[in-house]
Amino acid sequence: MSLSNLIETHDLGWRYAPIADNGRPILGLEHINLAIRAGEFIGIVGPTGAGKSTLCMALAGIIPNLADGEMTGSVLVAGMDTSTVSVADLSTHIGYVQQDPESQLFCASVEDEIAFPLENRGIAPHCIDDRIDEVLRLVGMSDYRKRVPTSLSGGQMQRVALASALAAEPDILVLDEPTAALDPDGKREVFDTLTALRRSHAGHNLTVVMAEQDTSHLPQWADRILVLDHGQLVAQGDPDIFVRQSQLFTQLGIALPHDSQPPLRIATANQTKNRDNNNHATQPAIALDHVTYRYPETSADTPPALENVTCMIPRGAFVGLIGSNGSGKTTLAKHLNALLKPTEGRVITDGFNTRDHTVSRMAAHVGFVFQNPDHQIFCASTREEIAFGPKALGHTLQQIDHEVVEAMRLFNLERYADISPATLGYGDRRAVALASVLAMNTPILVLDEPTAGLDLNLSTRFLRAVAKRNRNGTTVIMISHDMHAVAAYCTHIMRMNNGRLVEYGRLEQGSERDGERSNERSINER
């Protein structure tokens, strides 16, 4: 290992064990040769399934120590061969945040989660307490010290996982899509935090390796970009590579960086009047009537998760439900299909008061895609997973076959038809979850960050499929931090802040939305 390199890989390859009986090993990485110097900030990009997470796991020592498969070549980290050194020993140098933060949070409170790596290193209790305060402040989670990690929003869990990785002051941070569930301000704060850490790191610079689908921040912060496709390193260079080889990124379905967020303006009453007139004569798809909700485990002096939310969503709307992490978006969404029932007020969905009906009864009316695909995947094969919802709703065998084939084709899932979806990569698991809900053909769709973890090609394919359903009358509620997607596809926005609905209305038509919809939809079609 060169004295100037902190990380080196030599002809690194990885094949996952077969996920079906008598199946072939699955290619993860092939012929990866890397050299990363101390203090570098490396951005890893690539389409869904390109090998980004696999490379992150290899650099953190998860591969080959804790994964089922076969490694070729070698990985050296701080002079240690990862194939001969335990993950526990490697963790003294490496902080690792998984793509799905929930899978690595297991303690009873946020403070315990952060204390865990420090206690394992024998740090004095009073020092641990100070360090918990410090890292929570760095990631903007000081008010959540006593909370149960899994009770937090997806974005908040990502912040806790990052705080836990930072707690022991590692030499190297390996981050697998750490901003995927964060709002725009949260994404910016993560990069600001990393910059501050790298400038202040005692005695040396912090080395950061970050896999990302959202490339927006990488030109400003990364020293070098690695481009993966089908497990191979197909290009690398300084951040100008996004300009020099823009055609490659477009071909691979990697979104090019964009500097600004599109404006989301509510249309005036006169602009809205003509378009919504027809909807006044019909029952709204969803009516929220002074909805307040308090989680049972919270104390009496804790503000409610939702407070006095009132609005009506017309049939055929495509609503972007937006707001910062922890603002109440997912809590509100879970009221729409009776997963949660209001502490006060009423929710009327497709004409049904959700307080009087079960989730299974509402399933015929509301298709719900969770933020974490593992919360809804349970069948033995991808084909069965996608067919489960239509079967439960009483669709005919002919309808089910057609719906399953169409849903698998939409996401290129045919090759996984007879394979357990739980064994697939994160992006493919998300695709299965999305496909299984689309196959149900419900009149209302609720989507919680549906495109997080998907590359541009898959995201666009899915959103176009949803837009087509919307054009044919399906009402869509989409939680998203992707303001470009909201501007391009949504007809209305609901903006949440601290559990309150602070803005609601039809979006003013803008150039971006008009351009995206020129071949797909026209608001006036309804």
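Residues numbered from 1 in each chain as written. Predicted model: local features only at pLDDT ≥ 70, side-chain atom pairs only at ≥ 80, totals over all residues. Heavy atoms only, no water.

*Asks:* Hey, could you go over the overall build of the chain for me, with residue numbers and the actual values?
*Replies:* A count of helices and strands for the chain gives 19 helices and 20 strands. Taken over C-alpha atoms, the radius of gyration comes to 23 Å for the chain, in line with the 24 Å a tight globule of 526 residues would show. Dimensions of the chain, computed from the C-alpha atoms along their principal axes, are close to 75 × 55 × 45 Å. Here the chain, with 526 residues, has 55% of them falling under the buried criterion. Within the chain, contacts between residues separated by at least 24 positions form 69% of all contacts whose residues are at least 6 apart in sequence. Accessible surface for the chain amounts to roughly 22600 Å². Of this, 48% is attributable to carbon and sulfur atoms. Treating the 46 positive side-chain charges of the chain as one cloud and the 63 negative ones as another, the clouds have centres 8 Å apart. (Helix = DSSP H or I, 4+ residues; strand = E, 2+ residues; numbered from the N terminus. Rg over C-alpha atoms; globule rule 2.2 N^0.38 Å. Buried < 20%, exposed > 50% of the residue type's maximum accessible area, 1.4 Å probe, protein only. Contact = heavy atoms within 4.5 Å. Areas by Shrake-Rupley, 256 points an atom, 1.4 Å probe, with all protein chains shown as cover. Lys, Arg positive; Asp, Glu negative; His and termini not counted. Charge placed at Lys NZ, Arg CZ, Asp CG, Glu CD.)

*Asks:* Talk me through the sheet that holds strand β2 (residues 26-37); I want residue IDs and the actual numbers.
*Replies:* Taken together, 4 strands build an open sheet; the order of strands is β2-β1-β4-β5 and the sheet is antiparallel. The sheet is open, and its two edges are formed by β2 and β5 (80-81), each paired on a single side. Inspection of the sheet shows strand β1 (residues 5-16) paired to strand β4 (residues 69-77) by 8 bridges, in the antiparallel sense. Looking at β4, one finds that Gly 13 is bridged to Thr 72. This element, helix α1 (residues 52-60), spans β1, β2 and β4 of the sheet and lies at about 125° to β1. (Pairing = 2+ DSSP bridges. Axes fitted to C-alpha atoms, helices over the stretch in contact; angles between N-to-C directions.)

*Asks:* Requested: an account of the confidence of the model for the chain, with residues and values cited.
*Replies:* Averaged over every residue, the pLDDT of the chain is 88; the share at 70 or more is 93%. Between residues 514-526, whose pLDDT stays under 50, and residues either more than four places distant or in other chains, the model counts 30 contacts. (pLDDT = per-residue confidence, 0-100.)

*Asks:* Please set out the domain arrangement of the chain residue by residue, giving values where relevant.
*Replies:* Per the domain assignment, the segments of the chain are domain 1 (40-68 + 87-252) and domain 2 (316-340 + 359-508). Domain 1 and domain 2 are separated by 27 Å when their C-alpha centres are compared. Of the residues lining the interface, 19 residues belong to domain 1; the matching set on domain 2 comes to 19 residues. Each partner contributes to the roughly 1400 Å² buried at the junction of domain 1 and domain 2, and carbon and sulfur atoms together form 46% of this total. Contact with domain 2 buries area across many residues of domain 1, yet Thr 48, Gln 99 and Asp 183 alone supply 33% of it, more than any other trio. One can count 0 salt bridges joining domain 1 with domain 2. Our count for the domain 1 to domain 2 interface comes out at 4 residue pairs in polar contact (both at pLDDT 80 or more). Looking at the side of domain 1 that touches domain 2, the elements that each hand over two or more residues are α6 (154-167) and α10 (246-252). Residue contributions to the side of domain 1 that touches domain 2 peak at 4 residues, all from α6. (Domains from an automatic or database assignment. Buried area = accessible area lost by both parts, 1.4 Å probe. Salt bridge = Lys/Arg side-chain N within 4 Å of Asp/Glu carboxyl O. Polar contact = N/O pair within 3.5 Å; in protein donor to acceptor, adjacent residues only side chain to side chain.)

*Asks:* Requested: an account of the packing of helix α4 (residues 110-120) against helix α5 (residues 125-138), with residues and values cited.
*Replies:* Relative to each other, α4 and α5 sit at 120°, their axes nearing to 10 Å. Looking at the two axes, α4 sits oblique to α5. Considering how the two elements wind past one another, α4 and α5 form a crossing that is right-handed. In this structure, α4 uses Val 110, Glu 111, Ile 114, Ala 115, Leu 118 and Glu 119 to contact α5, whose residues at the interface are Ile 128, Arg 131, Ile 132, Val 135 and Leu 136. Among the residues forming the contact of α4 with α5, the class breakdown is 8 nonpolar, no polar and 3 charged. (Parallel < 35°, antiparallel > 145°, perpendicular 65-115°, else oblique. Left-handed = near helix turned anticlockwise from the far one by under 90°. Nonpolar A, V, L, I, M, F, W, Y, C, P; charged D, E, K, R; others polar.)

*Asks:* Quick rundown of the environment of Pro 284? Include the residues and the values.
*Replies:* As for its placement among the helices and strands, Pro 284 is situated in the loop between α11 (269-276) and β11 (286-293). The spatial distance from the C-alpha of Pro 284 to the C-alpha of Arg 198 is 52 Å, given a sequence separation of 86 residues. Setting aside residues up to four positions removed in sequence, Pro 284 forms contacts with Met 312, Ile 313 and Arg 315.

*Asks:* Let's hear about the packing of aromatic side chains: which residues, and what values?
*Replies:* Describing an aromatic ring pair means giving the distance of the ring centres and the angle of the ring planes. In the structure shown here, the tally under the stated rule is 9 aromatic pairs. Measuring from centroid to centroid gives 5.1 Å for Phe 106 and Phe 116, while their planes differ by 90°, and the two rings are edge-to-face. Pair noted here: Phe 106 is in the loop between β6 (94-97) and α4 and Phe 116 is in helix α4, with a separation of 10 residues, a long-range link. Assessed through its relative accessible area of 56%, Phe 106 is described here as exposed. Residue classification places Phe 116 among the partly exposed positions, given a relative accessible area of 35%. Residues Phe 191 and Trp 221 carry aromatic rings whose centres are separated by 6.1 Å and whose planes lie at 25° to one another, so their mutual orientation is stacked. Taken together, the residues span a long stretch of sequence, with Phe 191 in helix α7 (residues 184-200) and Trp 221 in helix α8 (residues 218-221) at a distance of 30 residues. The same class applies to Phe 191 as to Trp 221, namely buried. (Phe/Tyr/Trp six-rings, centres within 6.5 Å; stacked < 30°, edge-to-face > 60°.)

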